[in-house]
Amino acid sequence: MADNSIIIIGGGIAGLAAGVYGQMNGYKTRIFEMHSLPGGLCTSWQRKGFTIDGCIHWLVGTNPKSSSHVMWEELGALKDVEIVNHEEFMSFYDSDGKAFHLYNDIDRLEKHMLELSPVDVKVIKELCSVIRKVSALDMSPDSGPGSLKKTISMMTIYMKFGKMSVADFAAKLKDPFLKEAWQTFFDMPDFPMMGLIFTLGWMNQKDAGYPIGGSLAFSKSIEKRYKDLGGEILYNARVEKILVEDGQAAGIRLTDGQEFRADRVISAADGFNTIYKMLDGKFLEPELQEYYRKSEIFEPLVMVTLGVNRDLSDQPHTAIHSLKTPITIAGNEETYIQVKHYGYDPTLAPKGKSVVMSMFSSTYDYWKKLAEDPERYDAEKKQAALTVISTIEKIIPGFEKDVEMVDVATPLTTERYTGNWQGSFEGWRITTKNMNKSISGGLAHTLPGLKNFYMVGQWVEPGGGLPTAGMSGRNMIKRICKEDGKTFTTTRV
Ligand SMILES: Cc1cc2nc3c(=O)[nH]c(=O)nc-3n(C[C@H](O)[C@H](O)[C@H](O)COP(=O)(O)OP(=O)(O)OC[C@H]3O[C@@H](n4cnc5c(N)ncnc54)[C@H](O)[C@@H]3O)c2cc1C
């Protein structure tokens, strides 16, 4: 290698992580980010004195005692940050107001479920026992002692729950109320029960909390760490093409025509744009082609956020309410509404006020069509907000009059700010069928016929998420060190 230089496309968490670990290992890295801020999807924005948090609900690795915390220490992401661990992951209310709390403490969850449905004792006990097992696993980012035990435990759990979706699990419950509640958690087609089990395992360990300050503050901490290590990040720098010479990635060209060269190029940007636009679809891998054809993505979201002049701290932080009368949001009939408030983070709203959010799965094409007529697009956003406000009014009487700020983000908003294909918020949707991909290390991170080029981030790691994005950048630098015969080293702050 000539001068150990690496160009990184995209300053989301995967790109920032690749930059941090690259700097730690003696590479000269430069990140080119099309936006004016770090973080990509992990971001927040301000409106009328309220902060709208566009990402973190829970973050795996927040417990300083857990091995998953190591990476965040290396990235300088959580230094001196207060973490909130909720008592319950979320709550479910049926249309008569009967409540089920998905407690994070597994003993409390087991007791609560058994009280609600003694007849389901076998299913409940089996579930809680497996969550306890997952809780005890060491999820160290580097393989080492304990990994054999980890593999055996994983295989046992996988054999039992690997092919089971959350809906399959709900169907096993006899009690209709509990069945309905479980059906609403991770309500996505074929969402693996393993995903929910792992999440509850981390919650039980108090290792999936919320960092006070929210998503942009989190991203900025990693950006600071990168700069402190000598890394350079260029903003408002949108990459148009990856330069290829003699079958090797040689650099990049920005949309303003400037060209930059390096020994290696890592794309931490959207996968579709990288493969089909920046590289003109010339280096296609059959498996990736298949993925893009099948389009099993996390459906993009419509996010309605409201700033209200009232303190909602006495309300459950995240509640799913079954609706007596369905509502329509962006052409879809919704029989449930999720109401989330951020009362636990005082940095997001002025004292005595609250930020409230409702999110709905939506379709990219619906909004793309609407956007052909900007008036209709705006009207649809307004309608979504009005529907959410009047629905919450029925749950929290007097709510409507206290609304001071309204913000509606659509799949096109996500696409515009982060470039993510079809506005997806987490890349490839994880299902019981592709889950083994994420367990075995994701999709191919290189393309056939193109040397010195690599991909990281949520489009090569089905399931996405912040720890996965960070680990993707980390693993890539580890791999590059191996290619160069160097020992991968890290430091912590
Ligand atoms: C509403 C929401 C809630 C979420 N909640 C959680 C949660 O609670 N916990 C969790 O772990 N995860 C959560 N996620 C998922 C998580 O945010 C993502 O999986 C993760 O941030 C993906 O990181 P990434 O670096 O792979 O991709 P991105 O964040 O998409 O980063 C890609 C970067 O590349 C840049 N880019 C794209 N094209 C170009 C170009 N041509 N030139 C230059 N730059 C370019 C983009 O601007 C962006 O900064 C949530 C996401 C959303 C949207």
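Parameters and conventions
- Residues numbered from 1 in each chain as written.
- Predicted model: local features only at pLDDT ≥ 70, side-chain atom pairs only at ≥ 80, totals over all residues.
- Heavy atoms only, no water.
- Helix = DSSP H or I, 4+ residues; strand = E, 2+ residues; numbered from the N terminus.
- Buried < 20%, exposed > 50% of the residue type's maximum accessible area, 1.4 Å probe, protein only.
- Areas by Shrake-Rupley, 256 points an atom, 1.4 Å probe, with all protein chains shown as cover.
- Polar contact = N/O pair within 3.5 Å; in protein donor to acceptor, adjacent residues only side chain to side chain.
- Contact = heavy atoms within 4.5 Å.
- Near = heavy atom within 4 Å.
- Nonpolar A, V, L, I, M, F, W, Y, C, P; charged D, E, K, R; others polar.
- Lys, Arg positive; Asp, Glu negative; His and termini not counted.
- Salt bridge = Lys/Arg side-chain N within 4 Å of Asp/Glu carboxyl O.
- Disulfide = S-S within 2.5 Å.
- 1 Å grid on protein atoms, 1.4 Å probe; cavity = no way out; pocket = protein on both sides within 12 Å on 5 of 7 lines; lining within 4 Å.
- Points joined across faces, edges and corners; volume = space filled by probe spheres on them.
- Arc of directions from axis to C-beta.
- Domains from an automatic or database assignment.
- Buried area = accessible area lost by both parts, 1.4 Å probe.
- Phe/Tyr/Trp six-rings, centres within 6.5 Å; stacked < 30°, edge-to-face > 60°.
- Pairing = 2+ DSSP bridges.
- Axes fitted to C-alpha atoms, helices over the stretch in contact; angles between N-to-C directions.

A few words on the overall build of the protein. Helix and strand counts for the protein come out as 16 helices and 20 strands. With respect to the principal axes defined by its C-alpha atoms, the protein has extents near 70 × 55 × 45 Å. When burial is assessed residue by residue, the protein has 55% of its 493 residues classed as buried. Summed over all atoms, the accessible surface of the protein reaches about 21200 Å², with 51% contributed by carbon and sulfur.

Here we come to the side chain of Ser-135. Residue position: Ser-135 is located in helix 4 (residues 121–135). Judged by relative accessible area, Ser-135 falls into the buried class, the value being 8%. A polar contact of 3.0 Å, which involves the side chain of Ser-135, links it to the backbone oxygen of Gly-201. When near neighbours in sequence (up to four residues on either side) are disregarded, Ser-135 contacts Gly-201, Asn-204 and Gln-205.

The immediate surroundings of the ligand are formed by 37 residues, with Glu-33, His-57, Asn-420, Gln-458 and Gly-465 found nearest. A distance of 2.6 Å is found between an oxygen atom of the ligand and a side-chain nitrogen or oxygen belonging to Glu-33. The side chain of Glu-426 places a nitrogen or oxygen atom 3.3 Å from a nitrogen atom of the ligand. Relative to its unbound accessible area of 1000 Å², the ligand is 95% covered by the protein chains. Looking at the shell around the ligand element by element, the count peaks at three residues for helix 16 (residues 466–483). Looking at the shell around the ligand residue by residue, the class counts come to 21 nonpolar, 13 polar and three charged.

So, on to unusual backbone geometry. In most cases, non-glycine residues show a negative phi, while peptide bonds are predominantly trans. A positive phi is found at Asn-4, a non-glycine position, where the angle reads about 60°. Under the relative-accessibility criterion, Asn-4 is labelled partly exposed at 26%. One non-glycine residue, Asn-236, lies in positive phi territory at about 50°. Following the sequence through the fold, Asn-236 ends up in the loop between strand 10 (232–234) and strand 11 (239–245).

Attention shifts here to the environment of Gly-331. Considering the arrangement of structural elements, one finds Gly-331 in the loop between strand 16 (318–329) and strand 17 (332–341). Among all residues touching Gly-331, those that are not within four sequence positions of it are Tyr-366 and Glu-380.

Take the side chain of Asp-53 next. Here Asp-53 lies in strand 4 (residues 50–53). Lacking a salt bridge, the buried Asp-53 has Lys-340 as its closest oppositely charged neighbour, with an N-O distance of 8.2 Å. Here the side chain of Asp-53 touches Ser-44 through a polar contact of 3.5 Å, side chain to side chain. When sequence neighbours within four positions are dropped, the list of residues in contact with Asp-53 reads Thr-43, Ser-44, Tyr-210, Gly-214, Ser-215, Met-303, Tyr-342, Leu-348 and Met-357.

This part is about the state of the cysteines. Under the criterion given, the structure shown has zero disulfides. Free cysteine Cys-42: the closest other cysteine sulfur is in Cys-55, separated by 4.2 Å.

With that out of the way, let us pick up the layout of surface pockets. Roughly 250 Å³ of volume is contained in the second largest pocket. In terms of lining, the second largest pocket is formed by 15 residues, of which the most central are Ser-322, Leu-323, Lys-324, Lys-394 and Ile-395. Every element with two or more residues in the lining of the second largest pocket is listed here: strand 16 and helix 13 (374–395). In terms of residues, the lining of the second largest pocket owes the most to one element, strand 16, which gives seven residues.

All buried positions along helix 3 (residues 106–116) are accounted for by Ile-106, Leu-109, Glu-110, His-112, Met-113 and Leu-116. Buried residues along helix 3 cover an arc of 165° about the axis, so they all sit on one side. Across helix 3 from its buried face, at more than 90 degrees, point the exposed residues Lys-111 and Glu-115. Summarising the contacts, the buried residues of helix 3 are in contact with strand 8 (99–103), helix 4, helix 7 (176–184) and helix 8 (193–204). In this structure Asp-105 caps helix 3, since a side-chain oxygen of it lies 3.1 Å from the backbone nitrogen of Asp-107.

Let's shift gears to the environment of Gln-248. Looking at where Gln-248 falls in the secondary structure, it is placed in strand 12 (residues 248–254). Judged by relative accessible area, Gln-248 falls into the partly exposed class, the value being 31%. The spatial distance from the C-alpha of Gln-248 to the C-alpha of Ser-438 is 28 Å, given a sequence separation of 190 residues. Setting aside anything within four residues of it in sequence, one finds Gln-248 in contact with Leu-243, Leu-450, Lys-451 and Asn-452. Among the polar contacts listed, one links the side chain of Gln-248 to the side chain of Asn-452, at a separation of 3.0 Å.

Each assigned domain of the protein is listed here: domain 1 (5–47 + 56–65 + 213–296 + 427–483), domain 2 (102–205) and domain 3 (301–409). With centres defined by C-alpha atoms, the gap from domain 1 to domain 3 works out at 31 Å. Listed as interface residues are five residues of domain 1 and, on the opposing side, eleven residues of domain 3. Taken over both partners, the interface formed by domain 1 and domain 3 buries close to 610 Å², and the fraction arising from carbon and sulfur atoms is 52%. It is Trp-45, Arg-47 and His-57 in domain 1 that bury the most area against domain 3; as a group they hold 75% of the surface buried on that side.

Time to look at the packing of aromatic side chains. With the rule as written, the count across this model stands at 30 aromatic pairs. With 6.4 Å between their ring centres and 40° between their planes, Phe-100 and Trp-182 make a pair best called tilted. One end of the pair, Phe-100, is in strand 8; the other, Trp-182, is in helix 7, with 82 residues separating them in the sequence. In terms of burial, Phe-100 and Trp-182 fall into one category: buried.

Here the focus is the sheet that holds strand 7 (residues 88–93). Here seven strands make up an open sheet; going across it, the order is 8-7-16-17-18-15-19 and the pairing mixed. Strand pairing shows two members of the sheet lacking a second neighbour, strand 8 and strand 19 (403–409), which therefore form its edges. The average undirected angle you get between the axes of adjacent strands in this sheet is 25°. Sitting on the sheet, helix 7 is in contact with strand 7, strand 8, strand 16 and strand 17, with an inclination near 50° to strand 8.

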